[in-house]
Amino acid sequence: MISKTAFVRTAIPVLLIVLLAATFVLGRRSGRTDAGLIIDPIVAIRPTDVERIRIDARFSRPDAEPVVLFRVPEWDGWAAQLDAATVPARASRVEDFIERILSPRPQRIVTREPAHHAALYVSGATGDSVSLEDAEQSTLVRLLFGLPGRDRGSLYMRLGGEPTVFAVDPAPSFFLTRESEYWADTRVFPAPIDIDRVEFVRYGDTHVFVREYRDGQDVWNDGAARVDASRVHGKLRALFGLQADSVRRARPFVGETIVVRLDGRREYVVTYSGVDESAVSVMVRGPRLYETGTTEAFVYTVPRDNFLDAIPVGEGRSR
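Residues numbered from 1 in each chain as written. Predicted model: local features only at pLDDT ≥ 70, side-chain atom pairs only at ≥ 80, totals over all residues. Heavy atoms only, no water.

## What to know about the pairing of strand β3 (residues 77-82)
Look at any regular strand and the pattern is simple: side chains alternate between the two faces of the sheet. The element β3 is largely enclosed, with a buried count of five among its six residues. As paired strands, strand β2 (residues 67-72) and β3 are joined by six bridges and run antiparallel to one another. Across the sheet, R71 pairs through a bridge with W78, a residue of β3. Connecting the antiparallel pair β2 and β3 is a turn made up of four residues, with D76 showing a positive phi of about 55°. By the bridge criterion, four bridges tie β3 to strand β4 (residues 85-88) in an arrangement that is antiparallel. Bridge pairing links A79 to P88 in β4. (Buried < 20%, exposed > 50% of the residue type's maximum accessible area, 1.4 Å probe, protein only. Helix = DSSP H or I, 4+ residues; strand = E, 2+ residues; numbered from the N terminus. Pairing = 2+ DSSP bridges.)

Shown next, in the form of structure tokens:
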């Protein structure tokens, strides 16, 4: 006959095994249900449909101004309106953001009760609002992001005008907490330029570095004098690698110029002028340039020391 103590010792492990098995089965069933969640209005949107984005991070950055990102066909890129200024935007970051927004990966439904929206910070007045618009500036979808989930592995999200709150992948929260400068492209040139494509560079009326290949060698001449190729390459690397401290939109100004001709007779024209002892104002025009009109241009402020590395000695004059 089995004693009471032995029975208890045997039953407890069996009970634990049954409970663990039940938890596993329910978890698998729940996982299948969650994996089947689809938010139709988001799935229907393609990244190429999005022409304009408005980010109003009321929850993540309560005192920040809204960020507006929009496509600019003239240079096949993106621009950003930041605090009343229009600047080139980092296309890779904008496109990454669109991809994250359009693939929210819903984990579960949190609630369908509007009474809970304020507490979850997904109401229109308190949530982080992201609006995606098409070419006619019609709203494709408006999303409201609020608190992170209790597991810290999700983010509460609601479609504007809909009561359902989803727990989704938390990836969008990274973008919503970024400062507005995160979106700005501070490179003076729109994209990295291959130095091997440069045919000549002219600094005002004093230096004209012309390239020619002799017996497979890279040879540069300044007038009748031969110039060390590494010196010219260093100046070009410094010029093409300039990073702006600030970027703003303004009317073109008159100053000293640098002309860089690429293969195919395409040119960049860099106009620069001194601002103060530490900064130089720079404006760039050229292929795929950051410009949307004939009377306006993007003007950058760059560190003077960095700019002097991009020009020949003695050409650091400023007006």
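Don't stop here, the text continues.
## Overview of the confidence of the model for the chain
In this model, the chain carries a mean pLDDT of 85, and residues with pLDDT of at least 70 account for 86%. Note on residues 18-33: pLDDT is under 50 here. Beyond four places in sequence and across chains, it has zero contacts. Overall, residues 315-319 carries pLDDT values under 50, and its contacts beyond four positions in sequence, including any with other chains, amount to 18 contacts. (pLDDT = per-residue confidence, 0-100. Contact = heavy atoms within 4.5 Å.)

## Concerning helix α3 (residues 91-101)
Residue pairs three or four apart in sequence face the same way in an α-helix, which turns once every 3.6 residues. For α3, the set of buried residues is V94, F97, I98 and I101. In a view along the axis of α3, the buried residues occupy a sector of 100°, so they form one face of it. Seen from the buried face of α3, the exposed residues on the opposite side, beyond 90 degrees, are S92 and E99. (Arc of directions from axis to C-beta.)

## Here we look at the pairing of strand β9 (residues 165-168)
Both faces of β9 are covered, namely the face carrying V165 and A167 and the face carrying F166 and V168. Relative to β9, strand β5 (residues 108-111) is paired through three bridges, and the arrangement is antiparallel. Across the sheet, the residue bridging to T111 is V165, located in β9. When strand β8 (residues 155-159) meets β9, the two strands line up antiparallel, connected through four bridges. Directly across from Y156, in β9, lies its bridge partner A167. With antiparallel pairing between neighbouring strands as the criterion, β8 and β9 make up a hairpin whose turn holds five residues, including G161 at a positive phi of roughly 90°.

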